[in-house]
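Observations on the three-dimensional arrangement
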Amino acid sequence: MLVVIWLITLVSTYFFYTGQWSPLPLASAHGAAIDKQMALTMVLMGVVFLAAQLGLGLFVWKYRDRSGAPAATYSHGHIGLEWTWTALTAVLFVGLNLMGYNVWAANRIHGAGPNAMQVEVTAVQFTWYFRYPGPDGKFGRVDYQKSDASLGNEGALGLDDTDPASKDDIVAGVLMLPVNKEVDATLRAQDVIHNFNVPAMRVKQDAVPGLMVHTHFTPTQTGDFEVACAELCGLGHYKMRGTVRVVSEQEFNQWMAERQAEKQQQ
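Keep in mind that this is a model prediction, so the values were computed, not measured.

Some thoughts on the layout of surface pockets
Estimated volume of the largest pocket: approximately 1,100 Å³. Taken together, 30 residues line the largest pocket, and the ones lying closest to its centre are D35, Q37, M38, A39 and M42. Among the secondary structure elements, those contributing two or more residues to the lining of the largest pocket are α1 (2–17), α2 (31–62), α3 (79–108) and β7 (203–207). By residue class, the composition of the lining of the largest pocket is 17 nonpolar, nine polar and four charged. The calculated volume of the second largest pocket comes to roughly 170 Å³. As for the second largest pocket, its lining consists of E154, L159, D161, S166, K167, K263, Q264 and Q266. Its residues assigned to classes, the lining of the second largest pocket comprises one nonpolar, three polar and four charged.

Observations regarding the sheet that holds β7
Taken in spatial order, the five strands make up an open sheet running β4-β10-β9-β6-β7, and their pairing is mixed. Lying at the two open borders of the sheet, with one neighbouring strand each, are β4 (175–178) and β7. Taken pair by pair, the neighbouring strands of this sheet meet at an average axis angle of 25°, ignoring direction. Bridge analysis of strand β9 (residues 223–229) against strand β10 (residues 241–247) gives six bridges, and the strand direction is antiparallel. Paired with D224 across the two strands is R245, which belongs to β10. Those strands touched by helix α5 (residues 249–265) are β4 and β10, and its axis lies near 135° from that of β4.

Points about the packing of aromatic side chains
Overall, the coordinates contain six aromatic pairs when judged by the stated rule. Ring centres 5.6 Å apart and planes at 70° place the aromatic pair W128 and F196 in the edge-to-face group. Within this pair, whereas W128 is found in strand β2 (residues 127–132), its partner F196 is found in strand β6 (residues 194–198), the two being separated by 68 residues in sequence. The interplanar angle of 65° and the centroid separation of 5.5 Å between the aromatic rings of Y132 and W255 together place this pair among those described as edge-to-face. A residue pair is termed long-range when its members are at least 10 positions apart, and Y132 in strand β2 and W255 in helix α5 qualify at 123 residues.

Conventions adopted
- Residues numbered from 1 in each chain as written.
- Predicted model: local features only at pLDDT ≥ 70, side-chain atom pairs only at ≥ 80, totals over all residues.
- Heavy atoms only, no water.
- 1 Å grid on protein atoms, 1.4 Å probe; cavity = no way out; pocket = protein on both sides within 12 Å on 5 of 7 lines; lining within 4 Å.
- Points joined across faces, edges and corners; volume = space filled by probe spheres on them.
- Helix = DSSP H or I, 4+ residues; strand = E, 2+ residues; numbered from the N terminus.
- Nonpolar A, V, L, I, M, F, W, Y, C, P; charged D, E, K, R; others polar.
- Pairing = 2+ DSSP bridges.
- Axes fitted to C-alpha atoms, helices over the stretch in contact; angles between N-to-C directions.
- Contact = heavy atoms within 4.5 Å.
- Phe/Tyr/Trp six-rings, centres within 6.5 Å; stacked < 30°, edge-to-face > 60°.

Structural data, given as C-alpha cells:
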C-alpha cells in the first residue's frame, strides 16, 4: 500500500512538474492571467497534496501490522489541531479567491468593450451554430418553435425571415474571427445546458436555455482551434465539436463579403 500511494503521488507530481499535463499553447489576450492564476493554485495545492500523501504513506508504513508492533492508539479529537487546519484551509482558499478576483471579474463581471465584434453562439444537440448580425449590427428575430435541425444553419436556428434585421444575418458552422479583435459572444442553447469551451482561448462558459449569456475574448493567434462542449448534454455529447478559425482582418472581411453576396442571391 505504501508503494502504491507514494508511486501515484510522485508520478503524478512528475507529470505536472515537467509540464506534460500543461494546458494548450495560449491563443487569447486574457489567457495569460488565467494561466498565471492556475499555476499559482496548482503550486500551492500541489504542496498540500504532496505533504498529505507522503504523510499518509509514512503512517501506513509506521503502523503496519507486524510481529511485536505496538498497539495503535486512537485520538478522539484535538481542538487545537482542528482550529489550526481549519484556519489554514480558510486562509488558503480565501486568499486564492481574493488573488483571482481581478482575473474573474475581467471576464465574468466586466463586459466587452464598445468596439467588440458581436457574435451569437447557439448550441443544439449536438451542433454549434455561429451567427453574425451583418452590416446593420442587429441580430434578426428567431423563433425556436419554428426551428428545424434537419435544415441546418438558419433553419436550425428558426431565423424569422419576415424580420428586416434578419436579412443580412450570416449563420455558419465555423466560427470565423479576425485576429486581435475583441469578440463579444452571446451564448444560447435550444434544448439543454451546454458549455462553450475553447481550451486554447481559455474560454469556458455555460449556454443555458432561456438565457443570453455573454463572454468575451480576444484571439491573438491565427489558425484553427477546437470548440468542445464541456457539459454532458446527451448521448451524442462526445461528438459535439466545432472549430474557431482565426484569420487576418483582410481574410475575415473577404469571407464576410462572400457570405453576404451569397445571402443576397438567395
